[in-house]
Amino acid sequence: MKRVFDRLSPTSWVTMQTGFVQIFGLVLFAIQAPLLGPKAFGLVSIVMVFVGFVEFVMGDVAQDTLISIREIAEDHYYTMTTVCVVISVVCGAALFLGAGAIAHWFHEPELVAICHWMSVLPLFCTLGAPPNAATKRDMQFGPLALRAIFGIVAGGCVGLVLMFMGYGVWALVWQAIVQRVVAVVALWIAVPLRFRLRFSARHFADFHRFAVPMLWSRSMSWGASQLPRFILGLFMGATQLGIFSLAARLSDILVQMFLVPRYAVARVELRQYAENRTGLDAAIHQLIFRYCFLSFPLCIGGAAATPTLFHLWLDPRWYDGIIPSQFLLLICLPYVTIYATGAMLMAFNRQKAEAVVSTVQGVTTVLVTLLVAPFGINPVSAAIAARPLILLPLPLWLAKTQCGIGARQILGPQLPVLFAALIMGAAVLLLQSQLHNQLSPVWLLPILVGTGAVVYAAAISLLVPGLFAQSLKRVTARF
């Protein structure tokens with residue numbers, strides 16, 4: 001087993017971590033959703049909007065800042081740890097003290113106690129940033145994967161036990177708390193970095209160049225993903241928010257499994273081409289193809305098979321989420337370009353340009369949600385899904401002007417894969433329309449999945465035979 005782990009590449013570690021986290025989370029959700037219902041997930045989603053700012057903005061900024069510093073010292077890590085603790089304590093206190101106001105906004109008195117208990121999360125969400133950065137700088141992604149897996153298993157077990165004991169929404173609350181506490185403790189134990197609170201003004205000054213544009217960028221990304229949930233909760237209530245959260249979760253699974261891992265590694269790997277561009281074209285082509293090879297068929301095929309999946313998996317309380325899920329799954333198509341260009345901009349130390357993309361994406365998402373939310377969950381999901389496609393020229397232009405990478409280099413490798421995925425999606429839709437009245441979802445879903453896989457493999461092998469054979473060789477070589 002150790003020999004197999006030693007052979008895993010950084011991308012494989014990140015993909016394994018993300019895949020396990022997403023699949024395990026989906027299995028948990030599959031068990032919990034029919035018993036807890038949409039409202040419980042909606043209540044926790046409301047609180048996670050506030051917690052998410054610390055986790056996905058402050059934590060990511062701290063981590064990426066430490067990665068971006070060329071010559072790093074121990075005092076950089078100690079200073080960042082101190083800064084993370086101070087900021088997270090302030091944010092946790094704000095969530096605790098603002099619990100009453102949050103409950104009043106959403107007309108849900110239960111949110112007061114939930115906010116009080118979950119106010120501990122900001123501290124544990126940011127404490128993992130320094131050891132995360134240390135391991136990523138050394139391209140040692142194993143400890144990160146193992147701590148994430150360990151944390152989600154521990155939290156999931158607690159959540160399941162409490163759910164079966166009848167604790168309702170509190171099963172989700174304690175699941176989130178235990179997951180993050182276990183993950184951060186396991187990570188600090190696994191890495192050689194010492195935990196120390198010490199502040200150095202000289203080393204803190206080094207953070208400014210990288211942290212400020214990334215703070216803005218991550219804030220916009222957080223706003224794009226979390227503020228729509230806040231707005232939808234205000235307009236439609238916790239139950240409809242829970243349904244929207246399910247639709248967003250299915251989309252997030254694809255993004256986290258097939259886009260984020262490649263981004264995390266590519267932004268480090270591509271740094272070698274910042275000064276010497278020899279081999280950059282081939283690296284970009286390979287990066288883009290790997291991005292879309294699995295994400296395109298899964299988002300298009302998943303959207304086509306969503307009705308069968310819902311009828312197999314969930315009860316009628318969740319059926320309003322079918323159309324939103326289909327719309328949001330398709331968001332992965334333009335996200336391939338957005339994540340790929342983001343990795344290029346970060347690798348070439350163009351943090352300000354990446355911040356521009358995140359700003360436009362975040363602002364437009366919030367505006368679209370505000371404008372369309374009064375019309376219901378289906379129109380707002382369609383508008384959110386269409387937005388990144390309309391804005392795609394912006395990251396392409398920045399990649400050209402900031403990195404010298406043209407749109408043809410980025411879009412060219414995507415087109416044959418997209419065409420093959422569309423052929424597969426049409427086949428799945430046609431088969432589903434013919435068989436949904438004749439077969440139970442238990443039998444229909446595996447037939448749709450198998451048919452889609454065969455059609456896509458045949459189409460992609462005809463359209464890009466060389467790259468398809470090369471990808472299969474890499475996959476089989478790992479096993």
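Residues numbered from 1 in each chain as written. Predicted model: local features only at pLDDT ≥ 70, side-chain atom pairs only at ≥ 80, totals over all residues. Heavy atoms only, no water.

Trainee: Any chance you could explain the overall build of the chain here in plain terms?
Mentor: Helix and strand content of the chain: 22 helices and zero strands. Relative to a compact globule of 479 residues, whose C-alpha radius of gyration would be 23 Å, the chain shows 22 Å and is just as compact. Seen through its principal axes, the chain has C-alpha atoms that stretch 65 × 60 × 50 Å. When the 479 residues of the chain are sorted by exposure, 53% land in the buried category. In the chain, once contacts between residues fewer than 6 apart in sequence are set aside, the share between residues at least 24 apart is 84%. Roughly 20,900 Å² of accessible area belongs to the chain as shown, and the carbon and sulfur atoms make up 69% of that amount. (Helix = DSSP H or I, 4+ residues; strand = E, 2+ residues; numbered from the N terminus. Rg over C-alpha atoms; globule rule 2.2 N^0.38 Å. Buried < 20%, exposed > 50% of the residue type's maximum accessible area, 1.4 Å probe, protein only. Contact = heavy atoms within 4.5 Å. Areas by Shrake-Rupley, 256 points an atom, 1.4 Å probe, with all protein chains shown as cover.)

Trainee: Honestly, a nonpolar patch on the surface in this entry has me stumped. Any pointers?
Mentor: Nonpolar side chains collect at one region of the surface, where Trp105, Leu234, Phe235, Val363, Leu367 and Leu370 lie side by side and expose about 560 Å² of accessible area between them. The set of elements that each furnish at least two residues to the nonpolar patch consists of helix H11 (208-258) and helix H16 (351-372). Element by element, the count of residues in the nonpolar patch is highest for H16, at three residues. In this structure, Phe235 sits in helix H11. (Patch = residues over 30% accessible without salt bridge, like charges linked within 9 Å, V, L, I, M, F, W, Y side chains within 5 Å. Salt bridge = Lys/Arg side-chain N within 4 Å of Asp/Glu carboxyl O.)

Trainee: Hey, could you run me through the pattern of salt bridges in this one?
Mentor: Pairing between side chains of opposite charge can happen when their charged atoms approach one another. Overall, the coordinates contain three salt bridges when judged by the stated rule. Across the pair Glu108 and Lys39 runs a salt bridge, and its minimum N-O distance is 3.4 Å. Pair noted here: Glu108 is in the loop between helix H4 (99-106) and helix H5 (111-118) and Lys39 is in helix H2 (residues 10-68), with a separation of 69 residues, a long-range link. Using a relative accessible area of 14% as the deciding quantity, one classes Glu108 as buried. Under the relative-accessibility criterion, Lys39 is labelled partly exposed at 38%. Between Arg317 and Asp315 there is a salt bridge, with its nearest N and O atoms 3.0 Å apart. Of the residues examined, Arg317 reaches a relative accessible area of 42% and is grouped as partly exposed.

Trainee: What should I look at first to understand the environment of His285 in this one?
Mentor: Mapped onto the elements of the fold, His285 is located in helix H13 (residues 280-313). His285 gets classed as partly exposed once you look at its relative accessible area, which sits at 35%. Counting along the chain gives 76 residues from His285 to Gln361, while the straight-line C-alpha distance between them is 25 Å.

Trainee: Mind showing me how you'd approach the environment of Gln434 here?
Mentor: Within the secondary structure layout, Gln434 lies in helix H20 (residues 414-435). Its relative accessible area of 52% is what places Gln434 among the exposed residues.

Trainee: Is there a simple way to explain the nonpolar core in this structure?
Mentor: Inside soluble globular proteins, nonpolar side chains tend to come together where they are buried. In terms of nonpolar packing, the biggest core is built from 140 residues, with Met118, Leu270 and Met344 touching the most fellow members. If one sorts the elements of this core by residue count, H11 sits on top with 20 residues. Every residue in contact with Leu270, bar those within four places of it in the chain, is listed here: Ala283, Ile284, Leu287, Met344, Ala347 and Phe348. (Core = buried A, V, L, I, M, F, W, Y, C linked by side-chain atoms within 4.5 Å.)

Trainee: Looking at this structure, how should I read unusual backbone geometry?
Mentor: What you tend to see is this: most non-glycine residues have negative phi, and most peptide bonds are trans. For His107, which is not glycine, the phi torsion reads 55 degrees and is therefore positive. With relative accessibility at 65%, the residue His107 sits in the exposed group.

Trainee: Looking at this structure, I do not really get the environment of Gln438. What am I missing?
Mentor: By secondary structure assignment, the location of Gln438 is in the loop between H20 and helix H21 (441-463). Taking the relative accessible area as the measure of exposure, Gln438 reaches 56% and is therefore exposed. Considering only alpha carbons, one finds Gln438 and Leu66, 372 residues apart in sequence, at a separation of 57 Å.

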